[in-house]
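The primary structure of each chain is shown beneath.
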Amino acid sequence: ILLWLRDRMARFRRSRPEQAAARRRALERRLLSPDWVFYEQHLQRPVPPALRALYNDKLLLTAQDLRYREDELITTFAPLDRNGLLETRSLLGFDVVAIAINAFGDPIYLRPGASETDIVYITHHDGGDIEVFADSVAAMVAQLRNPVGPRV
């Protein structure tokens, strides 16, 4: 029984890193394969060209812990697909598909709506405060590609 238990524990320990790696690979596949049809339907308008360019830039898109401003860090970008839809209608009045997540887990997103602009917003989870994160997707991407300070 002890040998059987030891064998089971050894298999369990080996499978955890393999499972974590598999989850990372699956997430990266989702990240690098945005569902543009779904995202356009969600936005109710064409996808901003700067967002398409960002999701074509594998190096930037898969980077983690990017300093956006002195007080703001993008920990990761988010897959643009149906599984990424956050049910925020009761809080915000609309559902969100995050394009990125900050260090506190707050979603960074575009508001859906045919008359909305390409302003990038962030909603803070600790109070529901909504702020402008960037004046546009293009401005956000330009800032990320040309950081003022050191990257984290």
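Source: prediction; values computed, not measured. (Residues numbered from 1 in each chain as written. Predicted model: local features only at pLDDT ≥ 70, side-chain atom pairs only at ≥ 80, totals over all residues. Heavy atoms only, no water.)

**Student:** Got a minute to help me understand the environment of glycine 105 in this structure?
**Tutor:** Within the fold, glycine 105 resides in the loop between β5 (100-102) and β6 (107-110). In this structure, the C-alpha to C-alpha distance between glycine 105 and isoleucine 74, residues 31 residues apart in sequence, is 9.3 Å. (Helix = DSSP H or I, 4+ residues; strand = E, 2+ residues; numbered from the N terminus.)

**Student:** Explain the confidence of the model for the chain to me, please; I cannot follow it from the model alone.
**Tutor:** Predicted coordinates in regions of low pLDDT should not be interpreted in detail. In the predicted model, the chain carries a mean pLDDT of 85, and 84% of its residues have values of at least 70. The secondary-structure element of the chain with the lowest mean pLDDT is helix α1 (residues 2-31), recorded at 72, while helix α3 (residues 49-56) shows the highest, at 96. (pLDDT = per-residue confidence, 0-100.)

**Student:** Can you help me understand the packing of α3 against helix α6 (residues 137-145) in this one?
**Tutor:** Helix packing for two helices is described by the angle between their axes and how far apart those axes are. Put simply, α3 and α6 touch, their axes get as near as 8 Å, and they point 35° apart. Judged by the twist between their axes, the crossing of α3 over α6 is left-handed. Note on element contacts: α6 touches α3 through Val137, Ala138, Met140, Val141 and Arg145, opposite Ala50, Leu51, Ala53 and Leu54. Residue composition of the contact of α3 with α6, by class: eight nonpolar, no polar and one charged. (Axes fitted to C-alpha atoms, helices over the stretch in contact; angles between N-to-C directions. Left-handed = near helix turned anticlockwise from the far one by under 90°. Contact = heavy atoms within 4.5 Å. Nonpolar A, V, L, I, M, F, W, Y, C, P; charged D, E, K, R; others polar.)

**Student:** In this structure, what is going on with the sheet that holds β6? I would like to understand it.
**Tutor:** Pairing between the strands of a sheet is mediated by backbone hydrogen bonds and can be parallel or antiparallel. Across the sheet, six strands lie side by side as β1-β2-β5-β6-β7-β8; this open sheet has antiparallel pairing. Every interior strand has two partners, whereas the edge strands, β1 (66-69) and β8 (130-134), have only one. For this sheet, the mean inter-axis angle between neighbouring strands, taken without regard to orientation, is 40°. One ladder, built from three bridges, connects β6 with strand β7 (residues 120-123); its direction is antiparallel. Across the sheet, residue isoleucine 108 finds its bridge partner in β7, namely isoleucine 122. (Pairing = 2+ DSSP bridges.)

**Student:** Even after reading the chapter, I still don't get the pairing of strand β2 (residues 72-77), so can you show me in this structure?
**Tutor:** Consecutive residues of a regular strand have side chains that alternate between opposite faces of the sheet. Along β2, five of the six residues are buried, which leaves the element largely enclosed by surrounding structure. Pairing of β1 with β2, which is carried by three bridges, proceeds in the antiparallel orientation. Directly across from leucine 66, in β2, lies its bridge partner isoleucine 74. Once β1 ends, the chain turns through two residues before running back antiparallel as β2. With three bridges joining them, β2 and β5 adopt antiparallel strand pairing. Across the sheet, residue phenylalanine 77 finds its bridge partner in β5, namely alanine 100. (Buried < 20%, exposed > 50% of the residue type's maximum accessible area, 1.4 Å probe, protein only.)

**Student:** Sorry, what's going on with a positive patch on the surface here?
**Tutor:** Positive charge collects at one region of the surface, where Arg23, Arg24, Arg25 and Arg29 lie side by side. If you trace the backbone, arginine 25 turns up in helix α1. (Patch = residues over 30% accessible without salt bridge, like charges linked within 9 Å, V, L, I, M, F, W, Y side chains within 5 Å. Areas by Shrake-Rupley, 256 points an atom, 1.4 Å probe, with all protein chains shown as cover. Salt bridge = Lys/Arg side-chain N within 4 Å of Asp/Glu carboxyl O. Lys, Arg positive; Asp, Glu negative; His and termini not counted. Charge placed at Lys NZ, Arg CZ, Asp CG, Glu CD.)

**Student:** Teacher, can you tell me more about the pattern of salt bridges here?
**Tutor:** Pairing of side chains with opposite charge becomes possible as their charged atoms draw close. According to the stated counting rule, one finds six salt bridges in the structure shown. Here aspartate 71 ties to arginine 69 by a salt bridge, and the two come within 3.7 Å at their closest N and O atoms. Given the relative accessible area of 60%, aspartate 71 is considered exposed. Classification of arginine 69 by relative accessible area gives partly exposed; the value is 31%.

**Student:** Whenever I open this one, α3 confuses me. Can you help?
**Tutor:** Since there are 3.6 residues in each turn of an α-helix, residues three or four apart along the chain are aligned in direction. Taken together, the buried positions of α3 are occupied by Ala50, Leu51, Leu54 and Tyr55. Considered in projection along α3, the buried side chains sweep an arc of 135° and stay on one side of the axis. Every exposed residue of α3 that faces more than 90 degrees away from the buried side is listed here: Pro49 and Asn56. (Arc of directions from axis to C-beta.)

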